[in-house]
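# A look at the structure
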Amino acid sequence: MERRDFLAAGLVLGGAGFLGSRLPLPSASAARPRRPVYPRRLHSVLNRPAAESGIDTVVVCMMENRSFDSYFGWLARDDTYIENGQRLHRERFRVNGRSFQAYPDSDGTHVDTYRRVLAPDPDPWRACGHPDPGHGWNAGRAQRDAGFLAPGSGNDDFALGYFEAEDLPVYDALARRFMVFDRWHASLLGPTYPNREYLLSGQSGGNKTNAFGGAGFQWETIVDRLAAAGVPVADYYSDLPQLLLWGARMAPYIRPIARYFDEAARGELPNVSFVSPVFTGPNRSDDHPHGDPRAAQRFVRDAFAAFARSEHWERGLFVLTYDEWGGFFDHVPPPRLPDDRASGNDADDFRQAGFRVPTLFCSPKVRPGLVDHRLYDHTSVLRFLEWRFLGAPARGAGSRGPQWWLTRRDRFAHNPGELIDADQFDPDPGFDLDLPLHAPSAPCAGATALSLRATGDDSPFEVTEQSGYFESVGFRRHLV
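Reading the values: the criteria
- Residues numbered from 1 in each chain as written.
- Predicted model: local features only at pLDDT ≥ 70, side-chain atom pairs only at ≥ 80, totals over all residues.
- Heavy atoms only, no water.
- Helix = DSSP H or I, 4+ residues; strand = E, 2+ residues; numbered from the N terminus.
- Expected span 1.5 Å × (residues − 1).
- Polar contact = N/O pair within 3.5 Å; in protein donor to acceptor, adjacent residues only side chain to side chain.
- Buried < 20%, exposed > 50% of the residue type's maximum accessible area, 1.4 Å probe, protein only.
- Contact = heavy atoms within 4.5 Å.
- Pairing = 2+ DSSP bridges.
- Phe/Tyr/Trp six-rings, centres within 6.5 Å; stacked < 30°, edge-to-face > 60°.
- Lys NZ or Arg CZ within 6 Å of the ring centre and 35° of its normal.
- Disulfide = S-S within 2.5 Å.

## Re helix α10 (residues 293-308)
Between its first and last C-alpha, α10 extends 22 Å over 16 residues, near the 22 Å set by a 1.5 Å rise per residue. Backbone nitrogen of Arg 294 and a side-chain oxygen of the N-cap are separated by 2.8 Å at the start of α10; the cap is Asp 292.

## Points about the environment of Glu 324
Locating Glu 324 in the fold gives a position in the loop between β11 (316-322) and β12 (360-362). Owing to a relative accessible area of 0%, Glu 324 belongs among the buried residues under this scheme. In this structure Glu 324 touches Glu 64, Asn 65, Arg 66, His 135, Ala 186, Gly 190, Pro 191, Thr 192, Asn 195 and Val 357, once residues within four positions along its chain are discounted. Within the local environment of Glu 324, its side chain forms a polar contact with the side chain of Thr 192, the two groups lying 3.1 Å apart.

## A short note on the side chain of Asp 167
Examined against the element boundaries, Asp 167 turns out to sit in the loop between β5 (161-162) and α6 (169-177). Judged by relative accessible area, which is 7%, Asp 167 ranks as buried. Of the polar contacts made by the side chain of Asp 167, one reaches the backbone nitrogen of Glu 164; its length is 2.8 Å.

## Description of the pairing of strand β10 (residues 272-275)
Moving residue by residue along a regular strand, the side chains alternate between the two faces of the sheet. Residue alternation in β10 divides its side chains into two sets, Val 272 and Phe 274 and Ser 273 and Val 275, and both sets are buried. Two strands pair when backbone bridges link them, and strand β1 (residues 57-63) and β10 are joined in this way by four bridges, in the parallel orientation. What sits directly across from Val 60, in β10, is Phe 274. The pairing of strand β8 (residues 233-237) with β10 spans four bridges and is classified as parallel. Following the sheet pairing, Asp 235 is matched in β10 by Phe 274.

## Regarding the packing of aromatic side chains
Considering all chains together, one arrives at 34 aromatic pairs under this definition. When the centroid spacing of 4.4 Å and the interplanar angle of 15 degrees are considered together, the rings of Phe 217 and Trp 219 count as stacked. As far as burial versus exposure is concerned, Phe 217 and Trp 219 are alike and both buried. An aromatic cluster of at least three residues, connected via ring pairs, comprises Phe 68, Tyr 71, Phe 72, Trp 125, Phe 163, Tyr 171 and Tyr 322. A cation over a ring is seen here: Arg 141 above Trp 137, with NZ or CZ 4.1 Å from the ring centre. The ring of Trp 405 is capped by Arg 411, whose NZ or CZ atom sits 4.0 Å from the centre of that ring.

## Quick look at the state of the cysteines
Taken as a whole and assessed by the stated rule, the structure comprises one disulfide. Note that Cys 128 is cross-linked by a disulfide to Cys 444, the S-S spacing being 2.0 Å. Residues Cys 128 and Cys 444 are joined through a disulfide that is left-handed, its torsion about the S-S bond being -85 degrees. In this pair, Cys 128 sits in the loop between β4 (114-115) and α5 (137-146) while Cys 444 sits in the loop between α12 (408-412) and α13 (468-473), placing the two residues 316 residues apart along the sequence. Its relative accessible area of 34% is what places Cys 128 among the partly exposed residues. Given a relative accessible area of 15%, Cys 444 falls into the buried group.

Keep in mind that these numbers describe shape and distance, not what the molecule does.
What follows is the structure, given as structure tokens:
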């Protein structure tokens with residue numbers, strides 16, 4: 001079954017319960033990482049026992065299909081941001097971002113990157129007249145090897161658009177107040193679901209595409225590990241629960257996004273939450289083309305604000321990242337990382353990570369305007385959770401004691417808690433949580449709506465007799 005079939009489905013989670021209540025082409029120089037520059041006198045929480053970290057509640061929000069340079073390249077040339085970083089952290093403070101680049105097209109003509117919202121399109125936000133940039137297994141390799149307009153890239157000049165701070169006001173505010181990662185890569189040089197599978201399990205099961213089927217994946221996930229350890233965990237979905245890739249056994253951990261907002265307000269979030277935007281239809285809020293980025297800004301604002309207003313915030317961490325780069329330009333070559341499915345054949349090599357994606361850590365224990373330059377991918381989220389809740393060592397691949405890792409990838413991933421400061425505490429989010437935002441534009445012509453038949457709070461979609469995968473997880477498609 002392909003992703004388009006999954007996206008056409010409404011999901012029924014009858015009796016979904018809850019586990020507990022609380023507990024230009026990249027240059028050679030671009031490929032050589034500079035020595036990291038970090039602030040003076042920072043006392044990392046990784047130097048303390050995990051239970052004394054000051055982080056008890058983690059919310060992970062994964063959006064879709066944008067690259068670091070396209071979304072955060074402006075940070076590197078924002079004088080105020082750089083000057084504040086130099087004043088607060090070190091004189092050598094910097095961000096590895098590059099908005100202004102050029103890539104050769106099929107004729108060898110170099111095409112400049114440009115500010116997307118000034119493009120002469122009828123709707124520059126959604127870019128309805130352009131193809132969705134290539135971000136599959138083969139398209140990603142074409143972009144890696146020959147640039148973002150190369151033959152086989154699947155791209156036109158839409159892939160060369162970038163945004164400024166004022167275009168993405170929520171990210172502007174979050175980046176200035178919290179911590180940015182400028183070497184956080186998609187786990188695979190491939191599409192959405194394999195990368196989300198790495199976020200949740202440290203592997204894609206060998207999947208290179210968005211295909212799935214049968215009764216769901218059978219391999220272990222971080223949710224299984226957390227649940228076995230008695231750590232409450234939930235996946236809050238807007239229209240498509242990503243955990244259902246693993247089938248009906250994940251139903252106890254899946255709940256509609258309205259429950260996230262309600263439970264945050266009541267101080268009843270689990271220790272670990274995954275929250276997802278709307279993936280389908282004309283009102284999608286996931287940031288995937290041809291959605292309007294302003295709709296994504298609204299979703300992130302509201303998801304973060306609910307957490308920051310909750311009693312969880314003072315001992316909380318909000319992680320914002322993107323599943324993959326979406327075919328949009330980025331000047332840093334994607335690295336290769338340890339993986340159980342390593343291969344000498346590039347076409348089968350799961351060591352190959354994707355391009356960089358926008359990633360932020362937001363917490364009262366994060367110093368304002370900080371940048372982490374260490375190398376990370378989505379399994380670094382697993383590495384942090386394994387340390388905080390499952391007894392993993394703070395650093396290193398460790399081999400003594402019970403096996404705490406899921407795969408080779410998360411075992412060797414860096415723990416992104418390194419720059420969370422044990423001595424820092426400032427619960428002020430630094431901006432108006434009701435930040436006014438412009439409304440999204442009208443959907444592109446031909447966008448398909450998704451209608452789901454409601455039946456109740458705990459079982460939000462109708463259960464019907466279906467065959468194959470749909471029957472096994474108890475959900476039905478309703479397209480209108």
